[in-house]
Amino acid sequence: MNCRSEVLEVSVEGRQVDEAMLALLHTILLHRSTGKFHYKKEGTYSIGTVGTQDIDCDYIDFSFVRVSSDELDRVIRKAVGEFKDAMGNGTDGMGQISLEFYQKKKSRWPFSDECIPWEVWSIKVNVVNLANEQERQICREKVGEKLGEKVINIVEVINQHEYLPKMPTQSEVDNVFDTSLKDVQPYLYKITFQITDTLGTSVSTTMRRLIKDTLAL
Amino acid sequence: MMDSDLSPQDKKDLDKFIKFFALKTVQVIVQARLGEKVCTRSLSSPTGSDWFNLAIKDIPEVTHEAKKALSGQLPGIGRSMCVEISLKTSEGDSMELETWCLEMNEKCDKDIKVSYTVYNRLSLLLKSLLAITRVTPAYKLSRKQGHDYVILYRIYFGEVQLTGLGEGFQTVRVGVVGTPIGTITLSCAYRTNLAFMSTRQFERTAPIMGIIIDHFVERPFGNMGHMRPCNYRAPGEDEGAYNGVEDSQEVCTTSFSTSPPSQLFLSFLLFSLFLTFTLSLPLLFFLSQLYCSRLSYQPPVLVGAADFCHPSTLNAANPHQVTTQMGIPGKEGGVPQQVPVQPCHGAQAEHGRVSSCPPADHVPATPSSSGEGAETLSRSIEVKGVSPCDVLETTFTRKVGAFVNKPGTQVTTASLDLPFAAFAPRAYDLEENDPMVQPPESPATSSPLQGSLHSQGSGESGGPAQDDFVMVDFKPAFSKDDLLPMDLGTFYREFQNPPQLASLTIDVSSQSMAEDLDSLPEKLAVYEKNIDEFDAFVDTLQ
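By the naming in an unreviewed UniProt entry, chain B is Autophagy-related protein 13, taken from Oncorhynchus tshawytscha. We quote the UniProt Sequence similarities (unreviewed entry) comment for chain B here in full: "Belongs to the ATG13 family. Metazoan subfamily."

By the naming in an unreviewed UniProt entry, chain A goes by Autophagy-related protein 101 and is assigned to Oncorhynchus kisutch. Listed in UniProt under the heading Subcellular location (unreviewed entry), the comment for chain A reads: "Preautophagosomal structure". Database annotation for chain A, UniProt heading Sequence similarities (unreviewed entry): "Belongs to the ATG101 family."

Next comes the structure, spelled out in structure tokens:
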């Protein structure tokens, strides 16, 4: 199975990183979350209801819709917060945050379960520093428009109706969905990020090269 | 289309899905243009009444308008359902902002499972619609609507009309869902040129189906909405052959019927009646006078209220007070099994306070709904609801005839408990009392509650005997005139009719213009002399 990969790029000011990432990640998760499954006998199940919530950004002229789940929001905010901390405050830089949807495939002992991604969204972020308030105001509007375009891109991709995991049986639901939340049930996902220094080289790439070089000696 | 390949049950399910998808689409679009944030709660346990497993509340008037436009038909090939969003200014100019189109083409997907895949994809499409409705330019405009303009919607069925969007309009496709009878597409065409056409003459446009919001327009009692007449337009309404879908009666009775008032509604009505009689008729009259007077100070957008349509239910208060029906959980794939149920709340009107994210109870039993009965009884005065706060206020302002003019000799002897009497114009203006000539001193203020209590007492003892309609001079709320010669009420009274600005009179303006022109060379010389200072100042700004 080929994993579908989509890349989104945005340029934002330092203080806009949080909201820009939240907007895009929540937009994706809105489409990749369902209500809680309630299985019944005979292999049937019913699905709970997903609520939605409008969120206004403070530093960007933009509003977005997210799933009404404080738990999910906390998880995403935590990940975005770590990403922003890694990017540094107030400094130029580039980074990439990835939202990967995967399925678990049970393996026999002693092997651990395999995680097979089926969709990966990569958001490349370019953080810029602005000199004055006028530029910041322009940036507010421009980034808002840009995020709007990205939302349209996300929707276009999702509505191509490509691969989605099959609806699992009760015993396999945890291999497809994240059932840890109380109110909604997103597909299994993980968020990772990597930071690129100003020279354009990825820190992880550099480390990998170092290790390879060391082993080659 | 090969309907014969579909089983009867699948055909029936598909028609139902398409119908409710169309209704939910309209709800999402209209609610996104209300001007406020929408918030619904996730529910882990299925209720069976939330179509497509999404918490999208139903504004009854919007559903009514949508069903009226559909007239028992479904969106199909050559029959598109469109929601047109337009802007109307307080001057009466209007402009189409966007048109959302739900269409179907002939491309069929015969292998797709109706009850599962189509249903889930329609759910996904609704989520996409939620996201896209916040991205088009009309969203920001709708969030800022108020005094200067309002956002309106119109639903029509038939051919898509995009000519009103001006040149260079953009199109965004929300998504597509293939079905065995055709492919459903949802798209939006939005205007990019927001300048009004200079050649476009103002004309009374054909009636628009529903006004969305004037939520932020100042109202006499804060959060109260008001009823507006509804003008309907149905061009392009397809009155062709009935397409065979069973009348909405069967479908509606299962989950989405606009049913007669429920018991809850009746209890609110009774409570409101009780409140009304408790407060007595003079209070009602007082309120009517108050509202009528306040209307004269409303911005033009409200003066032209008759041009706007119903429903006030599109006030942001409503989404949180609409009915959701209960049903039994679905057995397969989360499809709700429909059963006839009693609606929780059959209210047609909007009420009470607005909250951007209320608890998403399926039974919106909010205290503010108690105003419904008052509204029913006070329809002529367009007071939407008597909130507990307002009840408290009006209890202390029982004096009637607050806005009725009375000779000045009675002013000083009139009771003090006539709040909001300042809204009534005075019959005469004396220059010696003209605040523009002799600015009054600040009146002694007391706490509103104290003032109200006092005024009630004094009103009962010292006021002239009067019935509900006796002419009295007005007294401002919470203000006394026994300490100062010029009180707040007099100041307000005078201020209502200020003299015309001197600069607007012809003689004065022409004279001042000449003087201004004469003084220009001197001013320019001074500025040139100080040019260095100005340059230095500009540099500090950069």
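Let's pick the thread back up.
At their nearest, the axes of helix 1 (residues 17-31) of chain A and helix 3 (residues 114-132) of chain B sit 9 Å apart, and the two run at 155° to each other. As judged from the angle between their axes, helix 1 of chain A and helix 3 of chain B are roughly antiparallel. For the pair helix 1 of chain A and helix 3 of chain B, the crossing hand works out as right-handed. Residues A:T27, A:L30 and A:H31 of helix 1 of chain A lie in contact with helix 3 of chain B, whose contacting residues are B:L124, B:K127, B:S128 and B:A131.

We now examine the environment of B:L125. For B:L125, the location among the structural elements is in helix 3. With 52 residues separating them along the chain, B:L125 and B:V177 place their C-alpha atoms 7.8 Å apart. Sequence-distant contacts of B:L125, that is, excluding residues within four places in its chain, are made with A:N159, B:F21, B:V174, B:G175, B:V176, B:V177 and B:L186.

Next up on the list: the packing of aromatic side chains. All names here are of chain A. Summed over all chains, the structure comprises 17 aromatic pairs over all chains. Between the aromatic rings of F37 and F177, the centroid separation amounts to 5.0 Å while the plane-to-plane angle is 55°, which identifies the pairing as tilted. A residue pair is termed long-range when its members are at least 10 positions apart, and F37 in strand 3 (residues 37-39) and F177 in the loop between helix 4 (173-176) and strand 9 (184-186) qualify at 140 residues. Ring centres 5.2 Å apart and planes at 75° place the aromatic pair W118 and Y187 in the edge-to-face group. Taken together, the residues W118 in strand 8 (residues 114-128) and Y187 in the loop between strand 9 and strand 10 (189-196) connect sequence positions 69 residues apart.

It is worth spelling out the pairing of strand 1 (residues 80-89) of chain B at this point. Taken residue by residue, a regular strand's side chains alternate between the two faces of the sheet. Residues and elements named next belong to chain B. Within strand 1, 10 of the 10 residues are buried, which leaves the element mostly enclosed by the surrounding structure. Of the two faces of strand 1, the one carrying S80, C82, E84, S86 and K88 and the one carrying M81, V83, I85, L87 and T89 are both buried. Pairing geometry for strand 1 and strand 3 (residues 149-158), over 10 bridges, is antiparallel. Among the inter-strand pairings, M81 is bridged to a residue of strand 3, identified as F157. Where strand 1 meets strand 2 (residues 94-105), eight bridges bridge the pair, whose relative direction is antiparallel. When the bridges of strand 2 are listed, L87 appears paired with M95. Taken together, strand 1 and the strand that follows it, strand 2, pair antiparallel across an intervening segment of four residues, in which G92 is found at a positive phi of about 105°.

We now examine the pattern of salt bridges. Pairs can form between side chains of opposite charge whenever their charged atoms are close. All names here are of chain A. Per the counting criterion, the structure on display carries 20 salt bridges over all chains. A salt bridge links E119 to R32; the nearest nitrogen and oxygen atoms lie 2.9 Å apart. Residue E119 is located in strand 8, and its partner R32 is located in the loop between helix 1 and strand 2 (33-35); the two are separated by 87 residues in the primary sequence. Here E119 matches R32 in class, with each residue buried. Ionic pairing is found between K190 and E100, a salt bridge with its closest N-O pair at 3.8 Å. One end of the pair, K190, is in strand 10; the other, E100, is in strand 7 (residues 93-105), and 90 residues separate them in sequence. Given a relative accessible area of 19%, E100 falls into the buried group. Bridged by salt links that share partners, the residues R4, R32, E119 and E162 form one connected network.

On the side of chain B, 41 residues touch chain A, which itself brings 37 residues to the contact. Here chain A and chain B share an interface that buries about 3200 Å² over both sides, 54% of which is from carbon and sulfur atoms. Broken down residue by residue, the surface that chain A buries against chain B is led by A:T49, A:D54 and A:H161, which jointly contribute 21%. Where chain A meets chain B, there are three salt bridges. For the salt bridge of B:R134 with A:D54, the shortest nitrogen-to-oxygen distance reads 2.7 Å. At the junction of chain A and chain B, the tally comes to 20 residue pairs in polar contact (both at pLDDT 80 or more).

Time to look at helix 3 (residues 133-158) of chain A. The end-to-end C-alpha separation of helix 3 of chain A is 37 Å, in line with the 38 Å expected for 26 residues at 1.5 Å each. For helix 3 of chain A, the capping residue at the N-terminal end is A:N132, with a side-chain oxygen 3.1 Å from the backbone nitrogen of A:Q134.

A separate point is helix 2 (residues 70-87) of chain A. All names here are of chain A. Here helix 2 spans 25 Å end to end across 18 residues, near enough to the 26 Å set by a 1.5 Å rise per residue. Listed as buried for helix 2 are L72, D73, I76, A79, V80, F83, K84 and M87. Take helix 2 and look down its axis: the buried residues cluster within an arc of 140°, on one side only. Turned more than 90 degrees away from the buried face of helix 2, the exposed residues are R74, K78 and D85.

This next bit is on the packing of helix 1 of chain A against helix 3 of chain A. Residues and elements named next belong to chain A. Direction vectors running N to C along helix 1 and helix 3 enclose 20°, while the axes themselves pass 10 Å from each other. Relative to helix 3, the element helix 1 lies roughly parallel. Handedness of the crossing formed by helix 1 with helix 3: right-handed. Two secondary-structure elements touch here, helix 1 through A20, A23, L24, T27, I28 and H31 and helix 3 through L147, K150, V151, I154, V155 and I158. Per-class residue counts for the contact of helix 1 with helix 3 are nine nonpolar, two polar and one charged.

Each value, and the rule that gives it
Residues numbered from 1 in each chain as written. Chains lettered and ligands numbered in written order. Predicted model: local features only at pLDDT ≥ 70, side-chain atom pairs only at ≥ 80, totals over all residues. Heavy atoms only, no water. UniProt positions renumbered as here; feature names shortened; annotations may be inferred. Axes fitted to C-alpha atoms, helices over the stretch in contact; angles between N-to-C directions. Helix = DSSP H or I, 4+ residues; strand = E, 2+ residues; numbered from the N terminus. Parallel < 35°, antiparallel > 145°, perpendicular 65-115°, else oblique. Left-handed = near helix turned anticlockwise from the far one by under 90°. Contact = heavy atoms within 4.5 Å. Phe/Tyr/Trp six-rings, centres within 6.5 Å; stacked < 30°, edge-to-face > 60°. Buried < 20%, exposed > 50% of the residue type's maximum accessible area, 1.4 Å probe, protein only. Pairing = 2+ DSSP bridges. Salt bridge = Lys/Arg side-chain N within 4 Å of Asp/Glu carboxyl O. Buried area = accessible area lost by both parts, 1.4 Å probe. Polar contact = N/O pair within 3.5 Å; in protein donor to acceptor, adjacent residues only side chain to side chain. Expected span 1.5 Å × (residues − 1). Arc of directions from axis to C-beta. Nonpolar A, V, L, I, M, F, W, Y, C, P; charged D, E, K, R; others polar.

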